[in-house]
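A structural walkthrough
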Amino acid sequence: MSNDRPGKVRMMQGNQACAEGAIAAGCRFFAGYPITPSSEIAENLSVMLPRLGGKFIQMEDEMAAMGAIIGAALTGQKSMTATSGPGFSLKQENIGYAGMAEVPCVIVNVMRGGPSTGMPTLPAQMDVQQARWGAHGDRGVIALTAKSAQETYEQTIRAFNLAEKFMTPVILLIDEITGHTTEKVIIPDASDIEIVHRKKPDEDPENYLPYRLTDECVPILAPFGTGYRYNVTGLCHNETGFPTNDSHDIQCLIERLTRKIEMYEDDIIRNNELMLEDAEIGVFAYGSVARTAQAVVRMCREEGIKVGLLEPKVLWPFPAKAVFAMAQKVRAIVVPELNLGQMAREVSLASECRVPVHKLGRVDGRPIPPQQLVEKIREVV
Amino acid sequence: MFDYLQYVRQENFPHIWCSGCGDGIVLKALIRSMDKLGLSQDETVMVSGIGCSSRTPGYVDINTLHTTHGRALAFATGVKIANPDLNVIVVTGDGDATAIGGNHFIHAARRNIDLTVLLYNNYIYGMTGGQCSPTTPRGAYASTAQHGNLEPPFNISGLAIAAGASFVARGDVYNVKKLETLIGKALQKKGFSLVEVVSPCPTAFGRRNRMARPVKMMEQLRDTVVSVEKWEKMTDEERKGKFRTGILKDIEKPEFTAEYAKLIEKMRPEE
Amino acid sequence: MAGEQSASKKPAVITVNTVWCKGCEICVAFCPKDCLEMEGGKCKVARPDDCIKCMLCELRCPDFAITVE
Ligand SMILES: Cc1ncc(C[n+]2csc(CCOP(=O)(O)OP(=O)(O)O)c2C)c(N)n1
Ligand code: SF4
Ligand code: SF4
Ligand code: SF4
Ligand SMILES: [Mg+2]
């Protein structure tokens, strides 16, 4: 996002920043079901959307909310839902549907501790693997993350852009700390924000195939009501959108659902790197933990330990190339996270055993304080 | 002769339903009522869940959305709220709408959102091979009730009435002309409207309940259906083993998308 | 209208699409004039001259397989 103009400075919670980002991205439909610590996103949008002619609805449960945003998205609206752990679990079947039917939409998960009802008011990062594998079946997944209110604003916009571009549900994972921390957010001038809209078919209805196979691998779905009458289903389907049992068509479809994300990985993945060039210890941290890690890199450098940080902005597709590059430079990698090693596992795989990968998992609903990470790094050194 | 072909996707025929399945008969009644009302194919969306009944959209040449089991009403709610100009028809089954989707069913009715719901009630889970559904009669046989069903059934129309629907009717596939009229009324109603259609499943229900022949199931409909008008005059004794068809509720009340439009109007900044 | 009346007096043309017909017998069983029969698992028009064009067979056929003109 370019900041040609200074933008407006406002104080807000991460959850409000998410709502603001959604509006800026062009979201005009929200369906949700209340759950801590995400409810402020719904509350804010319930005020903002009707003022803009947009639609807000509180549904009867999370399955319904997820279904409603898919229905709305098929009419051409940019649509979003927000939830937390238990609700994220309930949405999974319909998230898989949106993946299969290739319906763009955004799902925000303000992560709290689990399993089950867990820790409703305390932060965690326990849903990062669920974001990848929570729904049954094989397909490519896009999941973003953010560590501050500012980033939440920006990543919400990016989530919509990626959803529209790749015709897929996009997940934004923030955590309770980010969602509930009030801080400064610079809202750029609308003209400085890049907004992507899904493509419209350029053929006439007679020649239109909703799931036409192209080199781009991304279908063009016409909004319902615009004269293109076609079928959308969660069953395996061919280019026409009708169910098929043809083995070739099915193989093509399922491979394409993965390939259409994989082939654009370099486009999608974004990382922040901090002092990695000469680092001996690499830290891999995301979300609110990345903020701690930034401070820790400086603290360690003052002590003379050469630490660097790789901070992914996109968790899925996983930034395997960046991790591998880091693994070739450093002596060890430390992965602090608010779970028991869900991303550390990916880091180990991606570093191909070149260096030891050390987990630092905290799951008591407390953030990892800088001192705890510093100690872990000292131990590794 | 009625020309169904302009409304169906001929390339998908013959359809997947079994010989004598009532679902095709309901589809035809729906097509005739759409034709009579002149519903635009471009501006009509059909949303379904999962089940034999929910395969209906694949055969109709309109905008069609075949969703997940039980969730048709949730998807349809999104479609309708996002674009209230679209006519939204929901096709669902007894299991789809009142077991896994029961919550969405009562809440869509409560909200009184302008959807027309055709619920094909065949008293069974047809698609998965004849397991019990919430409408399987007590004592009837199902693949998961091989000693006879112990549970009392839902009265689906009664459920919709209690939940707040503005139009509720029951029809059946033996009395096809009446069914067509009821569907037409439901399509015209602004608000949540339900037509519960009793539609035989000879394969999964009939075979286990001494009605394997489709004709037998149709005869049973012929012999047990009573109009609401006649029902009123019958004694409890006479009503035994019968059920009524016709309009069971038809009231005016605020409809959700219309109320939302008013809210948007109110919020509009003054010029 | 007179024109319509004379049209309805024209003998019925009953057509069965044997590819779509699944032989459920519903049309045969409920034809008030017994015009239809089953043959080889499909519906067959046996006595079209008796047809009164009540349309019930067409209305009730689940398979869009029989039409009456
Ligand atoms: C989440 C989920 N659970 C279970 C199923 C399996 N399933 C498919 S259809 C069906 C029952 C359908 O019954 P009904 O709605 O009455 O439709 P019918 O086939 O009788 O028309 C079930 C249980 C499923 N597809 N999805
Ligand atoms: S199983 Fe029953 S409901 Fe399903 S198609 Fe066959 S007859 Fe119809
Ligand atoms: S139109 Fe009526 S009389 Fe003629 S064949 Fe059909 S059911 Fe029989
Ligand atoms: S009702 Fe239709 S499918 Fe059944 S036997 Fe007659 S023509 Fe064939
Ligand atoms: Mg059923």
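Residues numbered from 1 in each chain as written. Chains lettered and ligands numbered in written order. Predicted model: local features only at pLDDT ≥ 70, side-chain atom pairs only at ≥ 80, totals over all residues. Heavy atoms only, no water.

Looking at the packing of aromatic side chains
Here the distance between the centres and the angle between the planes together describe a pair of aromatic rings. Under the criterion given, the structure shown has 19 aromatic pairs over all chains. Look at F105 of chain B and F192 of chain B: their rings are 6.2 Å apart centre to centre, the planes differ by 75°, and that puts the pair in the edge-to-face class. Remark: F192 of chain B occurs in the loop between α6 (176-188) and β6 (193-198) and F105 of chain B occurs in helix α4 (residues 102-111); sequence separation between them is 87 residues. In this structure F105 of chain B comes out as buried when scored by relative accessible area, which is 0%. When its relative accessible area of 0% is taken as the criterion, F192 of chain B is described as buried. Ring pairs connect the aromatic residues F2, Y4, F13, W17 and Y59 of chain B together with W20 and F64 of chain C, which therefore count as one cluster. Above the face of the Y174 of chain B ring, R60 of chain C is positioned so that its terminal group lies 4.0 Å from the ring centre. (Phe/Tyr/Trp six-rings, centres within 6.5 Å; stacked < 30°, edge-to-face > 60°. Helix = DSSP H or I, 4+ residues; strand = E, 2+ residues; numbered from the N terminus. Buried < 20%, exposed > 50% of the residue type's maximum accessible area, 1.4 Å probe, protein only. Lys NZ or Arg CZ within 6 Å of the ring centre and 35° of its normal.)

Here's the deal with the coordination of the magnesium ion (ligand 5)
Residues and elements named next belong to chain B. Coordination of the magnesium ion (ligand 5) by the protein comes from D94 (OD), N122 (OD1) and I124 (O), over a distance range of 2.1 Å. Mapping the donors of the magnesium ion (ligand 5) onto the primary sequence yields the spacing D-x27-N-x1-I. For N122, a relative accessible area of 10% translates into the label buried. Accessibility expressed as a relative area gives 2% for I124, which makes it buried. (Donors = N, O, S within 2.8 Å, 3.2 Å for Na, K, Ca; no water.)

Notes on the interface of chain A and chain B
Of the residues lining the interface, 38 residues belong to chain A; the matching set on chain B comes to 38 residues. Summed over both sides, the interface between chain A and chain B buries roughly 3,100 Å², with carbon and sulfur atoms accounting for 59% of that surface. Between chain A and chain B we count three salt bridges in total. Of the charged contacts, one joins R229 of chain A and D61 of chain B as a salt bridge, the two residues approaching to 3.0 Å between their closest N and O atoms. Connecting chain A to chain B are 15 residue pairs in polar contact (both at pLDDT 80 or more). Counting only elements with at least two residues in the side of chain A that touches chain B, the list comes to α2 (39-51), β3 (55-58), α3 (62-74), α4 (85-101) and β10 (231-233) of chain A. Looking at which element gives the most residues to the side of chain A that touches chain B, the answer is α3 of chain A, with eight residues. Counted by class, the side of chain A that touches chain B contains 19 nonpolar, 13 polar and six charged residues. Across three bridges, β10 of chain A lies against strand β2 (residues 63-66) of chain B in parallel orientation. (Contact = heavy atoms within 4.5 Å. Buried area = accessible area lost by both parts, 1.4 Å probe. Salt bridge = Lys/Arg side-chain N within 4 Å of Asp/Glu carboxyl O. Polar contact = N/O pair within 3.5 Å; in protein donor to acceptor, adjacent residues only side chain to side chain. Nonpolar A, V, L, I, M, F, W, Y, C, P; charged D, E, K, R; others polar. Pairing = 2+ DSSP bridges.)

Observations regarding the site of ligand 2
The environment of ligand 2 is formed by W17, C18, C21, C52, N122, G126, C201, P202 and T203 of chain B. Residue classes in the shell around ligand 2 are distributed as six nonpolar, three polar and no charged. (Near = heavy atom within 4 Å.)

Overview of the site of ligand 4
Close to ligand 4 lie C21, K22, G23, C24, E25, C27, C43, C61, P62, D63 and I66 of chain C. Of the residues belonging to the shell around ligand 4, the class tally is seven nonpolar, one polar and three charged.

Points about the interface of chain B and chain C
Counting from both sides, the interface comprises 31 residues of chain B and, opposite them, 21 residues of chain C. Across the chain B/chain C interface, buried area totals approximately 2,100 Å², and carbon plus sulfur atoms make up 68% of it. Per-residue buried area on chain B facing chain C is highest for M1, K28 and V215 of chain B; these three make up 27% of the total on that side. Our enumeration of links across chain B and chain C arrives at one salt bridge. Note that R213 of chain B is salt-bridged to E25 of chain C, the shortest N-O span being 3.6 Å. Taken together, the connections running from chain B to chain C amount to 11 residue pairs in polar contact (both at pLDDT 80 or more). Of all the secondary-structure elements, those providing two or more residues to the side of chain B that touches chain C are α1 (23-37), α6 and α7 (214-224) of chain B.

Quick word on the arrangement of the chains
Counting contacts across all two pairs of chains that touch, the top pair turns out to be chains A and B. Looking at chain A next to chain C, you find no contact at all, with the nearest C-alpha pair sitting 19 Å apart.

Concerning the confidence of the model for chain C
Within chain C, residue pLDDT values average 91, and 88% of them lie at 70 or more. In the predicted assembly, ipTM is 0.98 and pTM is 0.97. (pLDDT = per-residue confidence, 0-100.)

Concerning the pattern of salt bridges
All names here are of chain B. Summed over the entire model, instances satisfying the criterion amount to 38 salt bridges over all chains. The residue E255 makes a salt bridge to K190 at a minimum N-O spacing of 3.7 Å. Residue E255 is found in the loop between β8 (243-250) and α10 (256-267), and its partner K190 is found in the loop between α6 and β6; the two are separated by 65 residues along the sequence. When its relative accessible area of 4% is taken as the criterion, E255 is described as buried. Take K190: its relative accessible area is 44%, and that puts it in the partly exposed class. For D223, the salt bridge is made with R222, and the minimal N-O distance between the two is 3.0 Å.

Observations concerning the packing of helix α1 (residues 14-25) of chain A against helix α6 (residues 149-166) of chain A
Residues and elements named next belong to chain A. Where α1 contacts α6, the two axes come as close as 7 Å, and the packing angle between them is 35°. Helix-helix and strand crossings are classified by hand; for α1 and α6 the assignment is right-handed. Side by side, α1 and α6 meet where G14, A17, C18, E20, G21, A22, A24 and A25 of the first sit next to A149, T152, Y153, T156, I157 and F160 of the second. (Axes fitted to C-alpha atoms, helices over the stretch in contact; angles between N-to-C directions. Left-handed = near helix turned anticlockwise from the far one by under 90°.)

A look at a nonpolar patch on the surface
All names here are of chain B. On the surface, I16, I50 and M127 cluster together into a nonpolar patch covering about 240 Å² of accessible area. Positionally, I16 belongs in the segment before α1. With relative accessibility at 44%, the residue I16 sits in the partly exposed group. (Patch = residues over 30% accessible without salt bridge, like charges linked within 9 Å, V, L, I, M, F, W, Y side chains within 5 Å. Areas by Shrake-Rupley, 256 points an atom, 1.4 Å probe, with all protein chains shown as cover.)

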